[in-house]
Structures are given as structure tokens and as C-alpha cells.
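# Architecture at a glance
Given next are the chains, with one letter for each unit.
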Amino acid sequence: MTEDWMMLLVTAKITAKPGQRDKIIENSNDLVETTRKEPGCMNYDLYSSTEDENILMVLEKWENKEALDTHTETDHFQAFGQAIEDMVAEEMEVTIYQV
């Protein structure tokens, strides 16, 4: 099985600056709804940590690497990154898993 054919699970941990969590969630609404309609997107959700109010997690499932790569080039993905740039305490921590 080639890498392009494998399903992928992606976690993206977002650490908000104090007081910025709700603004990040608000900015994510368009990203989440639009991404769910993309070809190859099987799941795309944003979760809040129960242990640290400033930690958010995006959990994504993609049919293949090509679909994920296409997603990262979309206008809504790029716009979200720019919109939250000054709201995050550190760079987003992204991990990709083969399913």
C-alpha cells in the first residue's frame, strides 16, 4: 500500500493565549464547516480540553494524503491560520497518523 492510499488521522493542538480561546473557536466556525465539505474529508472537529481552558484540539480524518495536502492549500485553511496568528501562545502542534 502506498502512502497516498492510506487513511490519515491528524491532531492539531492549539494553545490559546489567555483570554483568546473563545475568539479562536469563533474564527474556526467557517473552517470546520467548509472543511467538512471538502473531497476526502471524513471527519473534522474542534474540541476543548477539560483540563486546560486554553488548549483546543482539531481532530481530522482524511481518505488520503492528497486530500490532506489539498486542504492545507485552501483559502479557508490559510485564512484561519492568519486570523488566529496573534491569538496563540505557541505554534500549532500537528501530528499525522496512518490509519
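Every value quoted in this text rests on a predicted model; they were computed, and no experiment measured them.

In terms of regular secondary structure, the protein is built from three helices and four strands. Counting from the amino terminus, helix and strand elements in the protein follow one another as β-α-β-β-α-α-β. Here the protein has a C-alpha radius of gyration of 14 Å; the compact-globule value for 99 residues is 13 Å, and the two agree. C-alpha extents for the protein along the principal axes are approximately 45 × 25 × 20 Å.

Right, let's get into the packing of aromatic side chains. Counted according to the given criterion, the structure contains one aromatic pair. Centre to centre, the rings of Y44 and W62 are 6.4 Å apart; their planes meet at 75°, and the pair counts as edge-to-face. Taken together, the residues span a long stretch of sequence, with Y44 in strand β2 (residues 41-48) and W62 in strand β3 (residues 55-62) at a distance of 18 residues. Side by side, Y44 and W62 carry an identical accessibility label, which is buried.

Conventions and cut-offs
All residue numbers refer to positions counted from 1 along the written sequence of the respective chain. Totals for whole chains, interfaces and linings use every residue, but because this is a predicted model, local features are given only for residues with pLDDT of at least 70 and side-chain atom pairs only at 80 or more, for both listing and counting. Hydrogens are left out, water is left out, and the side-chain values use all remaining heavy atoms of the structure. Each helix corresponds to a stretch of at least 4 residues labelled H or I by DSSP, and each strand to a stretch of at least 2 residues labelled E; elements are numbered beginning at the N terminus. A radius of gyration in this sense is built from C-alpha atoms; the matching globule rule multiplies 2.2 Å by the number of residues raised to 0.38. Each Phe, Tyr or Trp ring, with Trp reduced to its six-membered ring, pairs with another whose centre is within 6.5 Å; inter-plane angles below 30 degrees give stacked pairs, above 60 give edge-to-face pairs, and intermediate values give tilted ones. Under the scheme applied here, a residue whose accessible area is under 20% of the maximum for its type counts as buried, over 50% as exposed, and between as partly exposed, the area being computed with a 1.4 Å probe on protein chains only.

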